[in-house]
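Fold and geometry: a report
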There are 4 protein chains.
Amino acid sequence: MSDVKKVVLAYSGGLDTSVIVKWLQETYDCEVVTFTADIGQGEEVEPARAKAEALGVKEIYIEDLREEYVRDYVYPMFRANTIYEGEYLLGTSIARPLIAKRLIDIANQTGADAISHGATGKGNDQVRFELGAYALKPGVKVIAPWREWDLNSREKLMAYCEQHQIPVDFSTSKKKSPYSMDANLLHISYEGGNLEDPWEEAEEDMWRWSVSPEAAPDTPTYIELTYERGDIVAIDGETLKPHEVLSKLNQLGGDNGIGRLDIVENRYVGMKSRGCYETPGGTIMLRAHRAIESLTLDREAAHLKDELMPKYAEVIYNGYWWSPERKMLQAAIDETQKDVSGVVRMKLYKGSATVVGRKSDQSLFDESIATFEDDAGAYDQKDAEGFIKLNALRLRIAAGKGRDQS
Amino acid sequence: MSDVKKVVLAYSGGLDTSVIVKWLQETYDCEVVTFTADIGQGEEVEPARAKAEALGVKEIYIEDLREEYVRDYVYPMFRANTIYEGEYLLGTSIARPLIAKRLIDIANQTGADAISHGATGKGNDQVRFELGAYALKPGVKVIAPWREWDLNSREKLMAYCEQHQIPVDFSTSKKKSPYSMDANLLHISYEGGNLEDPWEEAEEDMWRWSVSPEAAPDTPTYIELTYERGDIVAIDGETLKPHEVLSKLNQLGGDNGIGRLDIVENRYVGMKSRGCYETPGGTIMLRAHRAIESLTLDREAAHLKDELMPKYAEVIYNGYWWSPERKMLQAAIDETQKDVSGVVRMKLYKGSATVVGRKSDQSLFDESIATFEDDAGAYDQKDAEGFIKLNALRLRIAAGKGRDQS
Amino acid sequence: MSDVKKVVLAYSGGLDTSVIVKWLQETYDCEVVTFTADIGQGEEVEPARAKAEALGVKEIYIEDLREEYVRDYVYPMFRANTIYEGEYLLGTSIARPLIAKRLIDIANQTGADAISHGATGKGNDQVRFELGAYALKPGVKVIAPWREWDLNSREKLMAYCEQHQIPVDFSTSKKKSPYSMDANLLHISYEGGNLEDPWEEAEEDMWRWSVSPEAAPDTPTYIELTYERGDIVAIDGETLKPHEVLSKLNQLGGDNGIGRLDIVENRYVGMKSRGCYETPGGTIMLRAHRAIESLTLDREAAHLKDELMPKYAEVIYNGYWWSPERKMLQAAIDETQKDVSGVVRMKLYKGSATVVGRKSDQSLFDESIATFEDDAGAYDQKDAEGFIKLNALRLRIAAGKGRDQS
Amino acid sequence: MSDVKKVVLAYSGGLDTSVIVKWLQETYDCEVVTFTADIGQGEEVEPARAKAEALGVKEIYIEDLREEYVRDYVYPMFRANTIYEGEYLLGTSIARPLIAKRLIDIANQTGADAISHGATGKGNDQVRFELGAYALKPGVKVIAPWREWDLNSREKLMAYCEQHQIPVDFSTSKKKSPYSMDANLLHISYEGGNLEDPWEEAEEDMWRWSVSPEAAPDTPTYIELTYERGDIVAIDGETLKPHEVLSKLNQLGGDNGIGRLDIVENRYVGMKSRGCYETPGGTIMLRAHRAIESLTLDREAAHLKDELMPKYAEVIYNGYWWSPERKMLQAAIDETQKDVSGVVRMKLYKGSATVVGRKSDQSLFDESIATFEDDAGAYDQKDAEGFIKLNALRLRIAAGKGRDQS
């Protein structure tokens, strides 16, 4: 294990990754570079500096990546109305490629030959981090301590801390949750604890980002979202940067009990797992984006997007953001968004985000044709007969030849 | 036009189709057979008999098709988690193939050589009726009065009624709505009126099947849905027939403000149109079915279903139920449902239908593997390394050859 | 019919379109602009000028579009390995969008309000011309004489010619074929005659562009095709323009009996039809392109291309080149071609075009890994175990829960 | 390694698997059961008995699986016109699921707790064997000696043989080829040797099943293939069992130089590899099946099959025959084959298998409609206008709103 000289670690400042710092130094006898990013998880990142220093780390990277995260990852993904297995908005998945990219960037900058992360061997995140790292720096060494060490219980971790004088108050700063949680600007996730029985309802005090629908205001909130080329650029007429949009929508959604999700999902590593998610802003964005597309996007482009979406979602979920197939799909998706501009009006109320209006200068809705009133000849109803007749021709021939089609 | 001897008309008993009876008799000098079906539209069908008799109709078919409708059309469609353009549950589309089939059955029984319907020349329903009819009886003559006649205003219709002594009180039995509406056990739809401006919010008094979320009870309702092979067979432990299930869910959903939808959709005939829908039961069913599948369906089968679904939805929306491609897709879908059995627990509250638990004897959720606790060797975390390494291999080779993958 | 002032006609100079000139002048009392293009059909286009002048046409457009045709239509299509219904290389379909575009360009230049073409009402070409025209100039009037007039037999056409003094020697310049034929640089097609019985073999003297395999040389011809970004740029080291490449490959293929095809295909208008095609160059290009991709394209991008291809082929076959969905697919396809460069070596022999070698600076083939010999640790065979184990996990869990998977 | 009591080995009787017998006995101190199958590889299987006995094997299974192989694996696959990456007919892939199934059957019969195979750690076959085994018997132990032992050179193998008195004349019975080969009734494959350079042409004396096109007869051979429900049941009117059909077509194809293929393919384990294949019968079958479908299959079913095929091919190539997704796809495919019956006439000549005629009682080709002659009103050309107009509507609206569609 002596061949690793320097390793860049995705460092949260928490207990687990602090143990990893020490374990890497000791096991690999190498320098550790820490990388801590603010991607909207809702915790201060600056305190990670002192902790890293205390662990003897000399190269410490602390970065605010919120804008880049939403602009270059979340927004492109929402252009596809992306949803995994009909329910999941990919809040964890979409944050991983950026982390992987920064780990590799920093490895290149600091001359490190390895990267490391604190993801376990059962989950999707290890896959996402490592696929990204390998795609961007093929010769990199990846160290996944949870797959290597034997500190696989809280007791052993604590013993390790004591033995290596790692201050354990790290972890006691907030009341220990029974859930395994992860958060970024798009969502917060919960796994483990009583969720391991899919029949048990999640406890109310588990949820952190949203009030319950029951506790939400009794009057609805209306908002207007302005789209340009598939992306939200303003809320209620106020121009905002991407991460500001998402922050604001998280607040609006959370206040109205919007975005809670409780699912069983299929992990890439082959097992089913139960997870709960709060995605207040994303839940609003998904419906709003469909609404602006409904007015401005061509039917066949829209249908083709719908056919490609499950694949695109799978690609992201499985960790292949940095791949030819993702770029290929993105090219198709982005090609369709040129005219996806306009305004969507939504009603937020006790858990529901409902579209109530949409308008656009690029609208393809043609009132003169769609009307139930006299259309002054804009549409010739006689055309429908030929349309139907030729579309039916293959069916008629088959039936005429005796095929039973019922 | 003298070549038509007998025509079977889809007859609602309302003003428009009553005019059609007379117009057919007069224009084609032919016998008219009326067919009126209860598919759960919420209006009595028996009164259509007297009306038809008054118009001189001798062969009158009045049928209760609710069970057949839900069992053979709605249920198969829901096995696919079918949704058109990300939003629409196809409540109108799925009722048409059954009507088409019965029209043709009756044509065969009565020796009729033509069928007729009251759908307009701008909509999807003409396509659905006629594609079905041609597929089942290729030589049938289809008469679509709205594409042929010149009675294209209410005034002309009224004048026609007066001239032909058709009792107009037909239509005044209920207050005239400004909307064009259609209903069956799966949904009620609204088009026209102020909905023709997609920016205008639907008026509260338009909705008929559900209370508003604001007016719904302040306490949630919990229900348990029992699935067998992909279909709901019981609610809260009570075994019900398919149409009873849907009726019950409509009531439960409607009471809790669930199932309202306001969209702009792409019609098969080429235009965008704005429609509002209430699908209380269907909205619950969609989420519940996904939930039972999440526990019992293999990942790759589930993903493949998701990839096929948009096509399947399009096939139904466009009117190709009676087609080889629909049967082909159905065969694939039904193949997957053998083990989709179990119970889903849902919370209904002020517009939201939320899954809160799911269990099944056929569950593929394996607690011993999924657990965050010690899994006693059920899953070897070391396997993940090889899994990632080989999945990354193509990306590493490409990066190693100098491809920029960022 | 008096509302048409000027119409641009796709004019071949042959008998049928000459009749159309006169018929348009007479029926619509309008000016006719003729447009004749060289797209490699193998006949002189310049003679069309005198013929048009003789018919009183004042605005005559004669253009050599061969380079544009291959560069902007044929080449992009071949990047997708496009093939309709497993066999057909779309030689007719891909020529239509360019004709449609030029008709509209000329209509705009000459202030014409209509376009016209000589395609019949049973075929795909009318659809392709007209969809293109409507997409590029939505208000254009389209006149399709074969759907309107009653000159639906050769006798009536001849009578019309005599009556209107149209010189019939037009059509007698070459021996009248029993087949309906169409040609451009990509292929020549044959329909009708004894081909209308799908069981009858095409007669040897029908074929015009290729010798029979039996008559081809007894020694193979080897060629090397150089690709850049998915397109052929040189043959045997000689740099050529796109249309020169295709001409040269047509000659090489035709000389070696390559590219004959005899199929029954499904037309967009709903019927099956039997057609024979000679596509010598295209047949070589399809296999060669796959070969260069096999070396340079990522696996998942390649597979995704294969999944999208049938849709892309259908879009082109049906006439939707000028559509959002085609552009969307093209964006995805073109994104993958950046590194599709290198050389393919082929053997042409008596009807077969066989790939015998391929090389590329962008090759992703890694000999050090692929070797059956010792790979010096480039690939760790132990990784395969984890890879298989996790890929099998969902299957094992299902089997363990009693699912019968056989 | 003491937990394995009995292992079933896929035993060819060759040197490598004989070494494996001994190595398993020694390393795992367990009983070895050998399983040798005739799947048409062209070598006697009975001699494997004496060899196994000589190695101390007590339970020896030798089976003729040729009929089952073609009937239950090859035929269903050809119903889908299956082809991997546009070229490869999956001759190796499709033989693996049957071997896996028999290994597990025998394990169950003999009370074995493990299976073993002689596939290397770099290839696809290990994946196919093991995924199948795990799917059918989730708790089975899989032993893959090539991934475990250190006998990774011919010298070490020979030394092992000498040390363990394994008769080496096993392998010298036929001249040692420089290629790694594998054969079954569908094909023979070649890898390694000079093929490891994708630019080098395969040597003529490598090919074993076919003459070169140059050496094939100078006159074509015509054959007629009779299909029932998608499968060939007779050749030239002679009823044959599935494996007899394939044998006969292999002979006919091989005699005419048909079925050679030279490709670079993407392995599931992440690398590209170069392989050569001879698939004489399969090459004929693929084209013939498309031809009978062209006459009897509905257009939309055919197109949907084409869209699903790449996925189906990938599923088989990757080793997921025994999976829910394969069964799902098979259900869709088989649903379409009910009327795929009739006769295809083919011309075999110097490397080419060409369709020259097809006929069927289930034909959907309608001469009265398709004809260029007068169709007596079977098709109304006027219908085409409405068909085009409505299909163009969305494009016209978009263009009318100023969208540039060129």
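Residues numbered from 1 in each chain as written. Chains lettered and ligands numbered in written order. Predicted model: local features only at pLDDT ≥ 70, side-chain atom pairs only at ≥ 80, totals over all residues. Heavy atoms only, no water.

1. What about the relation of the copies chain C and chain A?
At an RMSD of 0.0 Å, chain C and chain A line up after a rotation of 180° and a shift of 0.0 Å along the axis. Overall, the copies show the geometry of a two-fold rotation axis. Of every C-alpha in chain C, the one belonging to C:A332 sits nearest the axis of rotation, 2.5 Å from it. When the interface residues of chain C are mapped onto chain A, 100% of them again fall at the interface, so both copies present the same face. (Least-squares fit on C-alpha atoms with pLDDT ≥ 70 in both. Contact = heavy atoms within 4.5 Å.)

2. What to know about helix α5 (residues 125–136) of chain C
Look at α5(C): 17 Å from first C-alpha to last across 12 residues, which is about the 16 Å you get at 1.5 Å a residue. Counting buried positions along α5(C) yields 11 of 12 residues, so the element is predominantly enclosed. The set of residues buried in α5(C) consists of C:D125, C:Q126, C:V127, C:R128, C:F129, C:E130, C:L131, C:G132, C:A133, C:Y134 and C:A135. Check the buried side of α5(C) and you find it contacts α4 (96–110), β4 (114–116), β5 (141–143), α6 (145–148) and α11 (299–318) of chain C together with α14 (383–400) of chain D. (Helix = DSSP H or I, 4+ residues; strand = E, 2+ residues; numbered from the N terminus. Expected span 1.5 Å × (residues − 1). Buried < 20%, exposed > 50% of the residue type's maximum accessible area, 1.4 Å probe, protein only.)

3. A word on the pattern of salt bridges
According to the stated counting rule, one finds 132 salt bridges over all chains in the structure shown. For C:R403, the salt bridge goes to B:D339, with nearest N and O atoms at 3.2 Å. Residue C:R403 is found in the segment after α14 (382–400), and its partner B:D339 is found in the loop between α12 (324–335) and β13 (342–349); the two belong to separate chains. By relative accessible area, which is 25% here, B:D339 ends up partly exposed. C:R154 is paired through a salt bridge with C:D16; the nearest N and O atoms lie 3.3 Å apart. Of the two residues, C:R154 sits in helix α7 (residues 154–164) while C:D16 sits in helix α1 (residues 15–28), which places them 138 residues apart along the sequence. Residue classification places C:D16 among the partly exposed residues on the basis of a relative accessible area of 26%. (Salt bridge = Lys/Arg side-chain N within 4 Å of Asp/Glu carboxyl O.)

4. Points about the interface of chain C and chain A
Across the boundary between the two partners, chain C contributes 23 residues, which contact 23 residues of chain A. Across the chain C/chain A interface, buried area totals approximately 2,100 Å², and carbon plus sulfur atoms make up 75% of it. Counting across the interface, chain C meets chain A through zero salt bridges. Applying the counting criterion to the chain C and chain A interface returns zero residue pairs in polar contact (both at pLDDT 80 or more). Those elements giving two or more residues to the side of chain C that touches chain A turn out to be α11, α12 (324–335) and α14 of chain C. Residue composition of the side of chain C that touches chain A, by class: 13 nonpolar, two polar and eight charged. (Buried area = accessible area lost by both parts, 1.4 Å probe. Polar contact = N/O pair within 3.5 Å; in protein donor to acceptor, adjacent residues only side chain to side chain. Nonpolar A, V, L, I, M, F, W, Y, C, P; charged D, E, K, R; others polar.)

5. Things to note about the pairing of strand β3 (residues 59–64) of chain D
All names here are of chain D. Bridge analysis of strand β2 (residues 31–38) against β3 gives six bridges, and the strand direction is parallel. Note that in β3 the partner of V33 across the bridge is E59. At this point the chain moves from β2, through helix α2 (residues 47–54), to the parallel β3, and the crossover so formed is right-handed. (Pairing = 2+ DSSP bridges. Right-handed = clockwise from strand over helix to strand, strands pointing away.)

6. Some remarks on the sheet that holds strand β11 (residues 260–266) of chain A
All names here are of chain A. The four strands are arranged β6-β7-β12-β11 in an open sheet whose pairing can be described as antiparallel. The sheet is open, and its two edges are formed by β6 (180–184) and β11, each paired on a single side. Between one strand axis and the next, the sheet turns by 25° as a mean value, whatever way the strands run. (Axes fitted to C-alpha atoms, helices over the stretch in contact; angles between N-to-C directions.)

7. Description of the interface of chain C and chain D
Between chain C and chain D, the contact holds 104 residues from the first and 104 residues from the second. Buried area between chain C and chain D, both sides added, is near 9,500 Å², and the carbon and sulfur share of it is 55%. When the buried surface of chain C facing chain D is broken down by residue, C:K122, C:W199 and C:K272 rank first, second and third, together holding 9% of it. Run the count over chain C and chain D and you get 12 salt bridges. In this structure, D:E214 and C:K347 form a salt bridge, with 2.8 Å as the shortest nitrogen-oxygen distance. Taken together, the links from chain C to chain D amount to 54 residue pairs in polar contact (both at pLDDT 80 or more). At 13 residues, α14(C) tops the list of elements feeding residues into the side of chain C that touches chain D. When its residues are assigned to classes, the side of chain C that touches chain D shows 42 nonpolar, 22 polar and 40 charged.

8. A look at the relation of the copies chain C and chain D
In screw terms, the move from chain C to chain D is a rotation of 180° and a rise of 0.0 Å along the axis, fitting with an RMSD of 0.0 Å. A symmetric contact is evident, with 99% of the interface residues of chain C recurring at the interface of chain D.

9. Overview of the domain arrangement of chain A
Residue and element names in this part refer to chain A. Assigned domains of chain A: these are domain 1 (6–65 + 92–164) and domain 2 (180–297 + 339–359). Between domain 1 and domain 2, the C-alpha centre-to-centre distance is 29 Å. Residue-level contacts link 12 residues of domain 1 with 13 residues of domain 2. Across the domain 1/domain 2 interface, buried area totals approximately 940 Å², and carbon plus sulfur atoms make up 53% of it. It is T92, K122 and N124 in domain 1 that bury the most area against domain 2; as a group they hold 42% of the surface buried on that side. One salt bridge connects R96 with D182, and the closest N-O pair in it is separated by 2.9 Å. On inspection of domain 1 and its partner domain 2, the count reaches five residue pairs in polar contact (both at pLDDT 80 or more). Taken together, the residues that form the side of domain 1 that touches domain 2 break down as four nonpolar, six polar and two charged. (Domains from an automatic or database assignment.)

10. Let's talk about the environment of D:E31
Residues and elements named next belong to chain D. In this fold, E31 is placed in strand β2. Classification of E31 as partly exposed rests on a relative accessible area of 35%. Sequence-distant contacts of E31, defined by excluding residues within four places in its chain, comprise K5, K6, V7 and E59.

11. Quick look at the packing of helix α3 (residues 66–78) of chain A against helix α9 (residues 242–255) of chain A
The description of two packed helices rests on the angle between their axes and on the distance between the axes. Residues and elements named next belong to chain A. α9 packs onto α3 with a crossing angle of 85° between their chain directions and a minimal axis gap of 7 Å. Taken together, α3 and α9 sit at an angle that is classed as roughly perpendicular. Residues R66, E67, V70, R71, V74 and Y75 of α3 form the contact with α9, whose own contacting residues are P242, H243, V245 and L246. Taken together, the residues of the contact of α3 with α9 break down into six nonpolar, one polar and three charged. (Parallel < 35°, antiparallel > 145°, perpendicular 65-115°, else oblique.)

12. Some remarks on the packing of aromatic side chains
Tallied over the full model, the rule gives 50 aromatic pairs over all chains. Seen in terms of ring centroids, C:Y73 and C:W321 are 5.4 Å apart; in terms of plane orientation they differ by 35°. Their pairing is tilted. Of the two residues, C:Y73 sits in helix α3 (residues 66–78) while C:W321 sits in the loop between α11 and α12, which places them 248 residues apart along the sequence. For C:Y73, a relative accessible area of 3% translates into the label buried. Centroid distance D:W23 to D:Y28: 5.9 Å. Interplanar angle 70°. Geometry classified as edge-to-face. Here the aromatic residues A:Y268, A:Y320, B:F387, C:F387, D:Y268 and D:Y320 are joined through ring pairs into a cluster of three or more. Over the aromatic face of B:W321 sits the side chain of B:R326, whose NZ or CZ is 3.6 Å from the ring centroid. Positioned above the aromatic ring of D:Y134 is the side chain of C:R396, whose terminal nitrogen or guanidinium carbon lies 4.4 Å from the ring centre. (Phe/Tyr/Trp six-rings, centres within 6.5 Å; stacked < 30°, edge-to-face > 60°. Lys NZ or Arg CZ within 6 Å of the ring centre and 35° of its normal.)

13. Topic: the UniProt feature "binding site: ATP" (unreviewed entry) in chain A
Residues and elements named next belong to chain A. According to UniProt, the "binding site: ATP" (unreviewed entry) feature falls on A10, Y11, S12, G13, G14, L15, D16, T17, S18, A37 and G118. Locating S12 in the fold gives a position in the loop between β1 (6–10) and α1 (15–28). At 2.9 Å, the side chain of S12 and the backbone nitrogen of G14 are in polar contact. Owing to a relative accessible area of 9%, A37 belongs among the buried residues under this scheme. (UniProt positions renumbered as here; feature names shortened; annotations may be inferred.)

14. Things to note about the sheet that holds strand β7 (residues 187–191) of chain B
Residues and elements named next belong to chain B. Reading across the sheet, the four strands line up as β6-β7-β12-β11 and stay open at both edges, with antiparallel pairing between neighbours. Each end of this open sheet is capped by a strand with a single partner; those strands are β6 (180–184) and β11 (260–266). The mean angle between the axes of side-by-side strands here comes to 25°, regardless of whether they run parallel or antiparallel. Bridge analysis of β11 against strand β12 (residues 272–278) gives seven bridges, and the strand direction is antiparallel. Its bridge partner being in β12, R260 is matched across the sheet by E278.

15. Observations regarding the side chain of A:T36
All names here are of chain A. Mapping T36 onto the fold places it in strand β2 (residues 31–38). A distance of 2.8 Å separates a polar side-chain atom of T36 from the backbone oxygen of Y11. For T36, the residues in contact, after removing those within four places along its chain, are Y11, S12, V45, A48, Y61, I62 and E63.

16. Observations concerning the environment of D:E203
All names here are of chain D. Within the secondary structure, E203 sits in the loop between β7 (187–191) and β8 (221–228). E203 sits in the partly exposed class, given a relative accessible area of 39%. Setting aside anything within four residues of it in sequence, one finds E203 in contact with Y179 and N194.

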